[in-house]
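Examination of the molecular architecture
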Amino acid sequence: MRYERLNAVLELLANRGHMSVEQLAKELDVSTATVRRDLDHLTRQQLLTRTRGGAVASGVVDLPIRYKSARHATEKERIGELAAAELVGPGMVIGINGGTTTSEVARAIARRADLADRQDSERVTVVTNAVNIAQELTVRQHIKLVVVGGVARSQSYELVGALAHAAITQLNFDLVILGVDGIAPGPGTTTHDEDEASINAALASRARQVAVVADGSKVGNAAFAGICPLDAIDVLITDTTADPRAKTEIADSGVRVLTA
């Protein structure tokens, strides 16, 4: 899959800073011609900088969501299915932020047949600041969709800023489902961008129940900007690859931990 290979290129450059075409070809087990095409594509996306014979990292730590989607895809699908089955019921008002795992939750909610044949008073309402999630749910007539305004971030497809914040603080949620870049004792929940963190915190503050969905690579780790402490989280849904010690510590803090 090309996205998986492009993601691997960005990961390698993020870790090593600079690599030659030959080094990348050897790491990825592809031809140098394929690597050159990939580097040209990523350069046009302004995700790296070409050099003579190779490429250097250029802000590739926070990868666009279309490249992140290839990471831990199976685990994220399982997490999405479990979250939709365990947490979502008829008539609920649900807030969902952006991210690859929350996108899987939204898809799983949309696929639930038992939610489709409902009266208007029992329709699920989804409020999101993610334009990709909104695009997918717009055609689902059994879901009432509310999209908050704001400034779009190309990395995550999320709407952030004062408009989004003002809209969210006027709403109340039965459940907020948060995708995060890290969850750990001490730092709590975190993400790479401070504007996203602010919107995520606003969502959590308006919810009766807050659930974090995070694949195992996020559990026990911390990113740049804090969202909310663990005592603001009710449920963590992760997968079998998560560090057992970190899961235990998070559970000991009072968070219900479910493994997909």
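Our subject is the structure listed above.
Residues numbered from 1 in each chain as written. Predicted model: local features only at pLDDT ≥ 70, side-chain atom pairs only at ≥ 80, totals over all residues. Heavy atoms only, no water.

A look at the sheet that holds strand β3 (residues 54-57)
Selection criterion: DSSP bridges decide pairing: two strands pair if at least two such bridges lie between them. Every helix listed is a DSSP run of H or I at least four residues long, and every strand listed is a run of E at least two residues long, numbered separately from the N terminus. For helices, the fitted line uses only the C-alpha atoms of the stretch in contact; every axis is such a line through C-alpha atoms, and the angle between N-to-C directions lies from 0 to 180 degrees. The contact criterion used is simple: two residues touch if any of their non-hydrogen atoms lie within 4.5 Å.
Taken in spatial order, the three strands of this open sheet run β1-β3-β2, and their pairing is antiparallel. Looking along the sheet, the strands with just one partner apiece sit at the ends: β1 (18-20) and β2 (48-51). Neighbour-to-neighbour, the strand axes of this sheet turn through a mean angle of 25°, independent of strand direction. With three bridges connecting them, β1 and β3 associate as antiparallel partners. Looking at β3, one finds that S20 is bridged to G54. Along the sheet face, helix α2 (residues 21-28) touches β1, β2 and β3 and points at about 85° away from the line of β1.

Things to note about the packing of α2 against helix α3 (residues 32-44)
Just so we agree on the cut-off: An angle below 35 degrees is read as roughly parallel, one above 145 as roughly antiparallel, one from 65 to 115 as roughly perpendicular, and any other as oblique. Amino acid classes used here: Ala, Val, Leu, Ile, Met, Phe, Trp, Tyr, Cys and Pro are nonpolar; Asp, Glu, Lys and Arg are charged; the rest, including Gly, are polar.
Between α2 and α3, the shortest axis-to-axis distance is 9 Å and the interhelical angle comes to 110°. As far as their axial angle goes, α3 and α2 are roughly perpendicular. Contacts from V21, E22, L24 and A25 of α2 reach α3 at T32, V35, R36 and L39. Partitioned by chemical class, the residues of the contact of α2 with α3 number five nonpolar, one polar and two charged.

Some thoughts on the environment of I96
The condition that has to hold: Working definition: with a 1.4 Å probe on protein chains only, accessible area under 20% of the residue-type maximum means buried, over 50% means exposed, and in between means partly exposed.
Inspection of the secondary structure puts I96 in strand β4 (residues 93-96). Its relative accessible area of 0% is what places I96 among the buried residues. Distance in space between the C-alpha atoms of I96 and V180 is 11 Å, their sequence separation being 84 residues. Contacts of I96, omitting those with residues within four sequence positions, involve T102, A106, I109, V126, V127, T128, N129, I133 and I177.

Considering helix α5 (residues 73-87)
Threshold: Take the number of residues in a helix, subtract one, and multiply by 1.5 Å to get its expected span. To obtain the arc, one takes the directions from the helix axis to the C-beta atoms.
Compared with an ideal rise of 1.5 Å per residue, which puts 15 residues at 21 Å, α5 spans 21 Å between its outermost C-alpha atoms and is within 8% of the ideal. Those residues of α5 that fall on the buried side of the exposure criterion are E75, K76, I79, G80, A83, A84 and L87. Mapping the buried residues of α5 onto a view down its axis gives an arc of 160°, with all of them on the same face.

Comments concerning the sheet that holds strand β14 (residues 235-238)
Reading across the sheet, the seven strands line up as β6-β5-β4-β9-β12-β14-β15 and stay open at both edges, with parallel pairing between neighbours. What marks the edges here is a single partner per strand, and that holds for β6 (143-147) and β15 (256-259). Across the sheet, the mean angle separating the axes of adjacent strands is 20° when strand polarity is ignored. The pairing of strand β9 (residues 175-179) with strand β12 (residues 210-213) spans four bridges and is parallel.

Here's the deal with the pairing of β2
Across four bridges, β2 lies against β3 in antiparallel orientation. Within β3, the residue paired with T49 across the bridge is V56. Counting the residues in the hairpin turn of β2 and β3 gives two residues, including G53, whose phi is positive at 85°.

As for helix α6 (residues 100-111)
What sets the pattern is the α-helix's 3.6 residues per turn: residues three or four places apart point alike. Between its first and last C-alpha atoms α6 spans 17 Å; for 12 residues at 1.5 Å apiece the expected length is 16 Å, and the two agree. Here α6 lies mainly inside the structure; 10 of its 12 residues are buried. By the burial criterion, the buried members of α6 are T100, T101, T102, S103, E104, V105, A106, A108, I109 and A110.

Side note on the pattern of salt bridges
Where we set the bar: Salt-bridge detection follows one rule: a side-chain nitrogen of Lys or Arg within 4 Å of a carboxyl oxygen of Asp or Glu.
Tallied over the full model, the rule gives 14 salt bridges. Where E122 meets R118, a salt bridge forms, and the shortest distance between an N and an O atom there is 3.4 Å. For R118, a relative accessible area of 31% translates into the label partly exposed. Note that R123 is salt-bridged to D120, the shortest N-O span being 3.9 Å. For D120, a relative accessible area of 63% corresponds to the exposed category. Salt bridges linked by common partners bring E104, R107 and E136 together as one network.

Quick notes on the side chain of N97
As a reminder of what qualifies: Two N or O atoms form a polar contact when they lie within 3.5 Å of each other; inside protein one atom must be a possible hydrogen donor and the other a possible acceptor, and for residues adjacent in sequence the pair counts only when both atoms belong to side chains.
Tracing the backbone through its elements, the reader meets N97 in the loop between β4 and α6. On the basis of relative accessible area, N97 is assigned to the buried category, the value being 1%. Polar side-chain contacts of N97 include one of 3.1 Å to the side chain of N200. Beyond its immediate chain neighbours, meaning those up to four positions away, N97 contacts T102, N129, A130, I133, E158, I177, L178, G179, N200 and L203.

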